[in-house]
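Working through the structure, step by step
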Amino acid sequence: MIRALKKEEKESIKTVIAKIFPNAEFSIKNSDKIFVCERNSAIIGFAHLRYYPRGIVMLGFGVLENFRSQGIGKQILSFVVKLAEKSHEPIYLKVKKNNRPAVSLYKSFGFKIIKSKEDRFVMKRACFS
């Protein structure tokens with residue numbers, strides 16, 4: 001099940017993000033939208049979105065290691081893409097160049113590389129609706 005993060009789960013999502021990305025620095029603004037995938041009442045994956053005038057920036061996206069390769073990432077990304085299409089917004093994200101599975105997943109959802117920076121790609125999915 002994919003749903004919006006509840007206010008009282010803010011600390012829980014920080015723990016999940018830290019497990020997926022142990023070296024990442026991140027901040028969550030009150031205006032950010034976080035969507036989570038849950039199994040047996042536990043958060044196992046997430047998408048962290050921030051809205052800007054030019055579109056949606058996906059600041060974070062991940063699935064706990066024990067739940068990878070089960071289609072959960074595809075479910076979350078599909079949810080985010082549908083959300084963006086409803087609001088007619090493009091989606092932007094950054095991904096490490098050496099994270100081939102993620103780059104491949106994003107490309108399969110219509111994301112295109114628009115910039116190459118040091119060790120990362122900037123990708124964009126235009127609004128098609």
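Description of the structure in this document. As the structure is a computational prediction, the values presented were derived from the model and not from experiment.

Analysis parameters
- Residues numbered from 1 in each chain as written.
- Predicted model: local features only at pLDDT ≥ 70, side-chain atom pairs only at ≥ 80, totals over all residues.
- Heavy atoms only, no water.
- Helix = DSSP H or I, 4+ residues; strand = E, 2+ residues; numbered from the N terminus.
- Expected span 1.5 Å × (residues − 1).
- Buried < 20%, exposed > 50% of the residue type's maximum accessible area, 1.4 Å probe, protein only.
- Arc of directions from axis to C-beta.
- Contact = heavy atoms within 4.5 Å.
- Phe/Tyr/Trp six-rings, centres within 6.5 Å; stacked < 30°, edge-to-face > 60°.
- Lys NZ or Arg CZ within 6 Å of the ring centre and 35° of its normal.
- Pairing = 2+ DSSP bridges.
- Core = buried A, V, L, I, M, F, W, Y, C linked by side-chain atoms within 4.5 Å.
- Right-handed = clockwise from strand over helix to strand, strands pointing away.
- Axes fitted to C-alpha atoms, helices over the stretch in contact; angles between N-to-C directions.

**Some thoughts on helix 2 (residues 72-86)**
Here helix 2 contains 15 residues, and its C-alpha end-to-end distance of 21 Å stays within 8% of the 21 Å for a straight helix at 1.5 Å per residue. Those residues of helix 2 that sit buried are Ile72, Gly73, Ile76, Leu77, Val80, Val81 and Ala84. Once helix 2 ends, the next one or two residues include His88, with phi positive near 55 degrees.

**Concerning helix 3 (residues 100-108)**
Within helix 3, burial applies to Ala102, Val103, Leu105 and Tyr106. Axial view of helix 3: buried residues confined to an arc of 160 degrees, hence all on one face. Set apart from the buried face of helix 3 by more than 90 degrees, the exposed residues are Arg100, Pro101 and Ser108. Those residues of helix 3 that are buried lie in contact with strand 4 (55-63), helix 2, strand 5 (91-96) and strand 7 (120-125).

**Section: the packing of aromatic side chains**
Considering all chains together, one arrives at 4 aromatic pairs under this definition. These aromatic residues form a ring-pair network of at least three members: Phe61, Tyr106 and Phe111. In this structure, Arg54 packs its charged tip against the face of Tyr52, placed 5.3 Å from the ring centre. Above the ring of Tyr92, the side-chain terminus of Arg54 is found at 5.4 Å from the ring centroid.

**Observations regarding the pairing of strand 2 (residues 33-39)**
Examined bridge by bridge, strand 1 (residues 2-4) and strand 2 share 3 bridges and lie antiparallel to one another. Bridging across to strand 2, Arg3 finds its partner in Val36. Across 7 bridges, the pairing between strand 2 and strand 3 (residues 42-52) is antiparallel. By the bridge assignment for strand 3, Val36 is matched with Phe46. The hairpin formed by strand 2 and strand 3 contains 2 residues between the paired strands, and Asn40 there has a positive phi angle of roughly 50 degrees.

**Structural notes on the nonpolar core**
Soluble, globular proteins show a tendency: their nonpolar side chains are buried together. Core analysis: the largest hydrophobic core is formed by 36 residues, its most contacted members being Ile13, Met58, Phe61, Val95, Tyr106 and Phe111. Elements represented by at least two residues in this core include exactly helix 1 (10-20), strand 2, strand 3, strand 4, helix 2, strand 5, helix 3 and strand 7. If you tally residues by element for this core, the top one is helix 2, at 6 residues. Setting aside its immediate chain neighbours within four residues, Ile13 contacts Leu5, Ile28, Ile34, Val36, Ile43 and Phe46.

**Details of the pairing of strand 5**
Look at any regular strand and the pattern is simple: side chains alternate between the two faces of the sheet. Strand direction decides the pairing type here: strand 4 and strand 5, joined by 3 bridges, are parallel. The residue of strand 5 that forms the bridge with Met58 is Leu93. Read as a crossover between parallel neighbours, the route from strand 4 over helix 2 to strand 5 is right-handed. In this structure, strand 5 lies alongside strand 7, joined through 6 bridges in antiparallel fashion.

**A closer look at the sheet that holds strand 4**
Here we have 7 strands laid out as an open sheet, ordered 1-2-3-4-5-7-6, and mixed in their pairing. The open sheet terminates on both sides in strands that have one partner only, identified here as strand 1 and strand 6 (112-117). With strand direction ignored, the average angle separating the axes of adjacent strands in the sheet is 25 degrees. Note that strand 3 and strand 4 share 8 bridges and pair antiparallel.

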